[in-house]
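Chain residues, written in single-letter form:
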Amino acid sequence: MRMSSIRVDIENLKNVVSDDERFSFQDQVDAIHRGMENRSGTGAEYLGWADLPSGTSDDLLKRIENSASTIRERCDAFIQIGIGGSYLGARAGISFLSPLIASAALRKGPEIFYAGHNISSDYYSDLLAALSDRDCALFVVSKSGTTLEPALGFRILRQWMENKYGAAEASRRIVAATDPSKGVLKTIANEQGYETFDIPQDVGGRFSVLTPVGLLPMAVAGVDIHSLLQGARDMEARLRADSSLESNPAYNYAVCRHLLRRKGKTTEILSSFHPAFAYLQEWWKQLAGESEGKDGKGIFPATLEFTTDLHSMGQWIQEGERFIFETFLILDQSRKAIAVSENQNDEDGLNFLTGKTLDFINEKAYKGTAKAHSEGLAPNLTIAVKDRSAYSLGQFFYFFQRAVAMTGYLDGVNPFDQPGVELYKKNMFALFNKPGTAKGQSQ
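Residues numbered from 1 in each chain as written. Predicted model: local features only at pLDDT ≥ 70, side-chain atom pairs only at ≥ 80, totals over all residues. Heavy atoms only, no water.

Student: Before we move on, can you summarise the overall build of the chain with the specific residues and values?
Tutor: Broken down by element type, the chain carries 17 helices and 10 strands. Taking 22 Å as the expected radius of gyration for a compact globule of 443 residues, we find that the chain reaches 23 Å, a close match to that expectation. Projecting the C-alpha coordinates of the chain onto the three principal axes gives extents of approximately 60 × 60 × 50 Å. Residues classed as buried in the chain amount to 51% of the 443 residues present. Considering only intrachain contacts with a sequence separation of at least 6, the fraction spanning at least 24 residues in the chain is 78%. Accessible surface, the chain as shown: approximately 19,700 Å² in total, 50% of it carbon and sulfur. Distance from the positive charge centre (48 side chains) to the negative charge centre (55 side chains) of the chain: 3 Å. (Helix = DSSP H or I, 4+ residues; strand = E, 2+ residues; numbered from the N terminus. Rg over C-alpha atoms; globule rule 2.2 N^0.38 Å. Buried < 20%, exposed > 50% of the residue type's maximum accessible area, 1.4 Å probe, protein only. Contact = heavy atoms within 4.5 Å. Areas by Shrake-Rupley, 256 points an atom, 1.4 Å probe, with all protein chains shown as cover. Lys, Arg positive; Asp, Glu negative; His and termini not counted. Charge placed at Lys NZ, Arg CZ, Asp CG, Glu CD.)

Put into structure tokens, the structure is as follows:
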């Protein structure tokens with residue numbers, strides 16, 4: 001097993017969360033851990049993600065790679081249709097590993113587009129215009145095939161693909177990830193002859209990034225999915241082997257979050273110091289919010305990008321209402337260091353930084369921010385990621401899945417259901433007068 005790419009630092013919590021308080025939860029953590037390992041806890045039927053890295057077969061990886069290779073050879077545009085966990089993990093991984101400016105010369109594969117995550121005419125009009133002269137492949141992700149946003153996106157783009165290529169050729173360019181045996185999308189895929197990948201029945205959408213849902217798009221984008229899974233596999237082995245808070249960083253993080261919520265810190269701001277984390281933060285926001293926010297409980301997950309947002313939100317964080325805590329995301333190693341050069345006239349007064357790298361300056365900004373916010377009674381901790389590699393990314397995904405599951409259990413909720421999400425859908429369909437719903441009735 002390689003060295004861990006994830007490091008958790010809770011030093012700035014010591015004046016808020018004592019060691020005695022943390023370790024008082026060790027027995028409870030041990031019991032929850034045993035329940036997850038034995039598949040005996042609440043929501044155990046959706047714990048398939050827990051051993052997904054170690055349980056992914058070489059045959060499945062080969063299928064994913066073959067499909068990705070075919071798409072890469074014949075297409076310069078790849079559209080993923082999905083909402084929430086059906087696209088966020090893939091988008092997070094691709095944006096974390098890809099160059100900031102994804103020009104054709106720098107891209108390792110087709111340009112990646114996304115659909116099915118909104119209901120905007122302008123978005124689809126712009127998307128179809130951007131795709132008009134592109135050679136396209138479509139990847140639709142839905143267990144049921146009936147979730148409104150991706151179902152509408154698929155209807156629009158499927159028709160567009162069939163008009164562009166003809167029905168037979170469009171079917172060769174459409175890939176589906178769906179339930180192994182049932183559902184509208186499964187039926188359509190079988191009838192049309194789409195290549196299909198199974199979404200395991202015991203893996204919920206927001207925990208699906210290490211299934212074909214996330215692996216296929218990342219492979220299309222040129223991500224080394226073997227290295228990604230190895231990182232997740234090594235993190236899985238570490239976190240499953242030992243539930244001790246001294247040895248298990250995910251559980252340590254979870255206990256700190258739980259304690260902070262109990263102390264009135266009900267909003268967590270995941271603040272990054274690197275733009276590459278932006279969609280990983282969005283992925284985390286859904287993972288945490290949908291897993292923990294129920295039964296009147298749960299930490300509200302928010303995200304900011306520093307140092308940019310220090311110029312818009314820094315004042316509020318420093319002196320606003322004191323119901324927040326921060327988790328800083330930092331990167332230990334950049335891909336290429338850029339140093340500040342000397343200016344002969346020193347008009348901006350920055351020659352004192354000559355020879356210093358942007359990473360060095362960014363680190364001081366992080367440390368200064370953490371100290372200031374801690375002194376302003378906004379407690380904070382830090383999660384450091386070693387580098388922007390596929391291996392570290394795999395560790396990141398698995399680390400947060402374990403941490404969020406443990407936090408949910410500590411809060412006394414089922415981390416794997418989402419009953420509240422269904423209400424807006426029922427109300428919306430009633431307003432549509434959808435067959436089977438009472439006219440104008442909220443359900």
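Student: Outline helix 2 (residues 26-38), listing residues and values.
Tutor: Within an α-helix, residues lying three or four positions from one another point in the same direction, as the helix has 3.6 residues per turn. The terminal C-alpha atoms of helix 2, which comprises 13 residues, lie 18 Å apart, in line with the 18 Å expected from a rise of 1.5 Å per residue. Where helix 2 is buried, its residues touch helix 1 (19-23), helix 11 (225-241), helix 12 (249-262) and helix 16 (390-411). Phi for Arg 39, located one or two positions after helix 2, is positive at around 55 degrees. (Expected span 1.5 Å × (residues − 1).)

Student: Give me the sheet that holds strand 3 (residues 111-115): which residues, what numbers.
Tutor: The 5 strands lie next to each other as 3-2-4-5-6, forming an open sheet whose pairing is parallel. Only two strands of the sheet have a single partner each, and these edge strands are strand 3 and strand 6 (195-198). When strand polarity is set aside, the average angle formed by the axes of neighbouring strands in this sheet is 20 degrees. Where strand 5 (residues 174-178) meets strand 6, 4 bridges bridge the pair, whose relative direction is parallel. Of the residues in strand 6, the one forming a bridge with Thr 178 is Asp 198. In the packing of helix 6 (residues 121-131) onto the sheet, contacts are made with strand 2 (77-81), strand 3 and strand 4 (136-141), and the angle to strand 3 comes to roughly 155 degrees. (Pairing = 2+ DSSP bridges. Axes fitted to C-alpha atoms, helices over the stretch in contact; angles between N-to-C directions.)

Student: Any chance you could break down the pairing of strand 3 for me, citing the residues and the numbers?
Tutor: Burial of strand 3 is extensive: 4 of the 5 residues sit out of reach of the surface. Pairing between strand 2 and strand 3: 5 bridges, direction parallel. Pairing of Ile 81 across the sheet is with Ala 115, part of strand 3.

Student: Help me get a handle on the pattern of salt bridges, residues and values and all.
Tutor: Evaluation of the coordinates by the stated rule reveals 25 salt bridges. A salt bridge links Arg 402 to Glu 37; its shortest N-O distance comes to 2.9 Å. In this pair, Arg 402 is assigned in helix 16 and Glu 37 in helix 2, connecting sequence segments 365 residues apart. Judged by relative accessible area, which is 0%, Arg 402 ranks as buried. On the basis of relative accessible area, Glu 37 is assigned to the partly exposed category, the value being 24%. Arg 206 serves as the salt-bridge partner of Glu 290, at 3.0 Å between the closest nitrogen and oxygen. (Salt bridge = Lys/Arg side-chain N within 4 Å of Asp/Glu carboxyl O.)

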